[in-house]
Amino acid sequence: GSGAPQPWIAIYWWLLFAASTAVARSLLTAPLSARHLRLFLHLVAAFIFFYAVLAIAARQTGWVPSFAFPFPPAGSFGFLPNRNHTASLLAAGAVISVGLMYGEAVRQNRRSAFLAASGASAPLAGVLFFSVSRAGVAVLALGLIVWCLGLWRRNRTHARGAVVAIVAIGRVAGGLFA
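Just so it is clear, the model here is predicted, and its values are computed rather than measured.

Asker: Help me out: how do you make sense of the overall build of the chain in this one?
Answerer: Helix and strand content of the chain: six helices and zero strands. Counting from the amino terminus, helix and strand elements in the chain follow one another as α-α-α-α-α-α. Taking all 178 residues of the chain together, 30% fall into the buried category. Counted over contacts in the chain with a minimum sequence separation of 6, partners at least 24 positions apart contribute 62%. Carbon and sulfur atoms make up 69% of the accessible area of the chain, which totals about 11500 Å².

Asker: Where do I start with the packing of helix H4 (residues 110-130) against helix H5 (residues 134-154) in this structure?
Answerer: The relative placement of two packed helices comes down to the angle between their axes together with the axis-to-axis distance. The contact between H4 and H5 brings their axes to 9 Å, and the two run at 135°. When the axis of H4 is compared with that of H5, the two are oblique. When you trace H4 past H5, the crossing you get is left-handed. Residue-level inspection shows Leu-124, Val-127 and Leu-128 of H4 in contact with H5, the latter providing Gly-136, Val-137 and Leu-140. By residue class, the composition of the contact of H4 with H5 is five nonpolar, one polar and no charged.

Asker: Can you walk me through the side chain of Ser-133 in this structure?
Answerer: Within the element layout of this structure, Ser-133 appears in the loop between H4 and H5. A distance of 2.5 Å separates a polar atom in the side chain of Ser-133 from a polar atom in the side chain of Asn-84. Setting aside chain neighbours within four positions, we find Ser-133 in contact with Arg-83, Asn-84 and Ala-87.

Asker: Even after reading the chapter, I still don't get unusual backbone geometry, so can you show me in this structure?
Answerer: When glycine is set aside, most residues are seen to have a negative phi, and most peptide bonds are trans. If you check the backbone angles, Gln-108 has positive phi at about 65° while not being a glycine. Summarising the element assignment, Gln-108 is placed in the loop between helix H3 (83-106) and H4.

Asker: Would you mind showing me how to read the packing of aromatic side chains here?
Answerer: Aromatic ring pairs are defined here through the distance separating the ring centres and the angle between the ring planes. One pass over the structure, following the stated rule, counts five aromatic pairs. Residues Trp-14 and Phe-17 carry aromatic rings whose centres are separated by 5.9 Å and whose planes lie at 90° to one another, so their mutual orientation is edge-to-face. Residue Trp-14 and its partner Phe-17 are located together in helix H1 (residues 7-29), separated by three residues, close to a single helical turn. Look at Tyr-102 and Trp-147: their rings are 5.9 Å apart centre to centre, the planes differ by 80°, and that puts the pair in the edge-to-face class. Placement of the pair is Tyr-102 in helix H3 and Trp-147 in helix H5, with a sequence separation of 45 residues.

Asker: Where do I start with the packing of H3 against H5 in this structure?
Answerer: Look at H3 against H5: their axes get within 8 Å of each other, and the N-to-C directions meet at 25°. Considering their axes alone, H3 and H5 lie roughly parallel with respect to each other. Handedness of the H3/H5 crossing: right-handed. Contacts between H3 and H5 involve Asn-84, Ala-87, Ser-88, Ala-91, Ala-94, Val-95, Val-98, Gly-99 and Tyr-102 on the former and, on the latter, Ala-135, Gly-136, Val-139, Leu-140, Gly-143, Leu-144, Trp-147 and Leu-151. When grouped by side-chain class, the residues that make up the contact of H3 with H5 number twelve nonpolar, five polar and no charged.

Asker: Explain the layout of surface pockets here, please?
Answerer: Where empty space is left can be seen by rolling a probe of water-molecule size over the atoms. Roughly 610 Å³ of internal volume is contained in the largest pocket. In this structure, the largest pocket is lined by 18 residues; those nearest its centre are Tyr-12, Leu-16, Ala-19, Phe-47 and Leu-89. Secondary structure elements with two or more residues in the lining of the largest pocket: H1, helix H2 (34-61) and H3. With six residues, the single largest contributor to the lining of the largest pocket is H1. When its volume is computed, the second largest pocket comes out at roughly 470 Å³. Considering the residues around the second largest pocket, the lining is formed by 17 residues, among which Gly-99, Tyr-102, Gly-103, Arg-107 and Arg-154 are closest to the centre. Sorting the residues of the lining of the second largest pocket by element identifies H2, H3 and H5 as the ones contributing at least two each.

What counts, and where the lines are drawn
- Residues numbered from 1 in each chain as written.
- Predicted model: local features only at pLDDT ≥ 70, side-chain atom pairs only at ≥ 80, totals over all residues.
- Heavy atoms only, no water.
- Helix = DSSP H or I, 4+ residues; strand = E, 2+ residues; numbered from the N terminus.
- Buried < 20%, exposed > 50% of the residue type's maximum accessible area, 1.4 Å probe, protein only.
- Contact = heavy atoms within 4.5 Å.
- Areas by Shrake-Rupley, 256 points an atom, 1.4 Å probe, with all protein chains shown as cover.
- Axes fitted to C-alpha atoms, helices over the stretch in contact; angles between N-to-C directions.
- Parallel < 35°, antiparallel > 145°, perpendicular 65-115°, else oblique.
- Left-handed = near helix turned anticlockwise from the far one by under 90°.
- Nonpolar A, V, L, I, M, F, W, Y, C, P; charged D, E, K, R; others polar.
- Polar contact = N/O pair within 3.5 Å; in protein donor to acceptor, adjacent residues only side chain to side chain.
- Phe/Tyr/Trp six-rings, centres within 6.5 Å; stacked < 30°, edge-to-face > 60°.
- 1 Å grid on protein atoms, 1.4 Å probe; cavity = no way out; pocket = protein on both sides within 12 Å on 5 of 7 lines; lining within 4 Å.
- Points joined across faces, edges and corners; volume = space filled by probe spheres on them.

Below is the structure:
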């Protein structure tokens, strides 16, 4: 038979597959109400925010927690074995937070919109300033583009503002890394 050269990575991916299958099955068999779905997404965004804060703190202080992979490659960021894994996770969290921020602002729920905007800060900083993953930046850009396209179908006025804001952020980030 064949065995994985790094069994802990194979175990990680099998556990991730099992968890995502369980969540998908649960959501498909008993769809959440809009309120519960927003709460679920806030919890996902909060988890990713705290992961990003912990990864940034570890990077800044040199702390290596016991749950991190023991062989981080040079220049790595985060606690996953590959820089693209962490960057993609953080990019997904940033896109979820931006979407939540918009949704809560439209509902006039300012406190939740502020929490969602704050929740985007650490993942964005992690992807743009700490990670060396080009794939993470691409996932972030693609996620924001898809989000803008979805918003365009619902409300063109808001979509124009979102596109202008994303282009401005992209130009600033491009200027920083050029």
